[in-house]
Amino acid sequence: MTPTRATAVSALLAALLCAGAACAQGFEVAVTVDDLPAHGQLPPGVTRLGIAESTLHTFQQHGVTEAFGFVNAGKLAGADAADEAKVLDAWRAAGHPLGNHTATHLGLSTAPSLAAWQADVEAGEAAVAQRMQGADWRYLRLPFLDGGGERWPAALAYLRARGYRVADVSISFDDWAYTDAYARCVASGDEATISAMKNQYLAAVDAGIARMQAHSQRVYGRVIAQVLLTHLGGWSAVTLPDVLQRLDRAGARYVSLEKAQSDPAYAEPAGGTVIERTARRRGIRLGEAAPVASRIDPDTVCREREHQEPVPSGKK
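Rules of the game
- Residues numbered from 1 in each chain as written.
- Predicted model: local features only at pLDDT ≥ 70, side-chain atom pairs only at ≥ 80, totals over all residues.
- Heavy atoms only, no water.
- Axes fitted to C-alpha atoms, helices over the stretch in contact; angles between N-to-C directions.
- Helix = DSSP H or I, 4+ residues; strand = E, 2+ residues; numbered from the N terminus.
- Parallel < 35°, antiparallel > 145°, perpendicular 65-115°, else oblique.
- Contact = heavy atoms within 4.5 Å.
- Nonpolar A, V, L, I, M, F, W, Y, C, P; charged D, E, K, R; others polar.
- Phe/Tyr/Trp six-rings, centres within 6.5 Å; stacked < 30°, edge-to-face > 60°.
- Lys NZ or Arg CZ within 6 Å of the ring centre and 35° of its normal.
- Buried < 20%, exposed > 50% of the residue type's maximum accessible area, 1.4 Å probe, protein only.
- Pairing = 2+ DSSP bridges.

Considering the packing of helix α2 (residues 48–61) against helix α9 (residues 234–250)
- Where α2 meets α9, the axes come as close as 9 Å, and the angle between the chain directions of the two elements is 10 degrees. Relative to α9, the element α2 is oriented roughly parallel. Contacts between α2 and α9 involve Ile51, Ser54, Thr55, Thr58 and Phe59 from the first element and Gly234, Ala237, Leu240, Pro241 and Leu244 from the second.
- Its residues assigned to classes, the contact of α2 with α9 comprises six nonpolar, four polar and no charged.

And the structure:
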């Protein structure tokens, strides 16, 4: 099946899933961006600051007045620290807030101990606090959206005692999965594969928006305020205009994270995504996403240069 045909099939599946009043409504969306100042492999000819500037320009074009950026402060200690600090400064200069994503992106369930995870949270604070003086920065985005299983009650009590709110997530399009593949394909000049990946990814975005609306209606009887998760990487930057265009077309109204999370759906923070975990708690079966025809596996494409240039592993 050709990429165009696959896109059409995915769009039809999304339309069937999102039939009726569920998709007629507009909805509020808070935009959040993980892994500042650097996510994934850097495409040749692109800088971290360039990715940030492109992302910020897209937000301005689409009326996103607050995009919370979540920082892994440990990245500011490397050889590129000065350049990566400029990313955080540019984010603040554009009027967008910063929050904590832990220093080293340490998952709660995989940390050696709860105390080690808490130390990583605290190690991430200084770089954010110094750029957010006089503003509320005490939001934590859980690395990998990892709620830590049995560790979660103690972790949540710790966060609340430290003044944190959890930056929850309701919708994501797995942009992270394409980041390193995109960098490899740019390096090898494989425009055909890049185009095919975009077709596949944007078809999944269309289906994901429709699925979010339908599932929200089923779980809550309404379309709740949304919190979008994306990342500050090369792939995310080049596809963000198309992603926001699709959200605009679906009726998105961009709001602050605080406004979105004032929705009662976010009253009980945890790992994972809010609609799916609420469905599980209520015993509601949502089903799996429809598979994409002629699927491209981003892990396998554009690897012919690996014997020359080792490729760092992906993030999530």
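After that view, the rundown keeps rolling.
Quick look at the packing of aromatic side chains
- Using the criterion set out here, one finds nine aromatic pairs in the structure.
- Ring centres 5.5 Å apart and planes at 75 degrees place the aromatic pair Tyr201 and Trp235 in the edge-to-face group. Remark: Trp235 occurs in helix α9 and Tyr201 occurs in helix α8 (residues 191–220); sequence separation between them is 34 residues.
- Every member of this aromatic cluster is reached through a ring pair, and the members are Tyr178, Tyr182, Tyr201 and Trp235.
- Above the plane of the ring of Tyr164 lies Arg138, whose end atom (NZ or CZ) is 5.5 Å from the centre.

Overview of the pairing of strand β7 (residues 226–231)
- Buried residues dominate β7, accounting for six of its six residues.
- Side chains Gln226, Leu228 and Thr230 project from β7 onto one buried face, and the interleaved Val227, Leu229 and His231 project onto a second face that is buried too.
- As paired elements, strand β1 (residues 27–36) and β7 share six bridges and run parallel to each other. Residue Asp34 lies in a different strand from β7, and its bridge partner there is His231.
- Looking at chain direction, strand β6 (residues 171–172) and β7 are connected through two bridges and run parallel.

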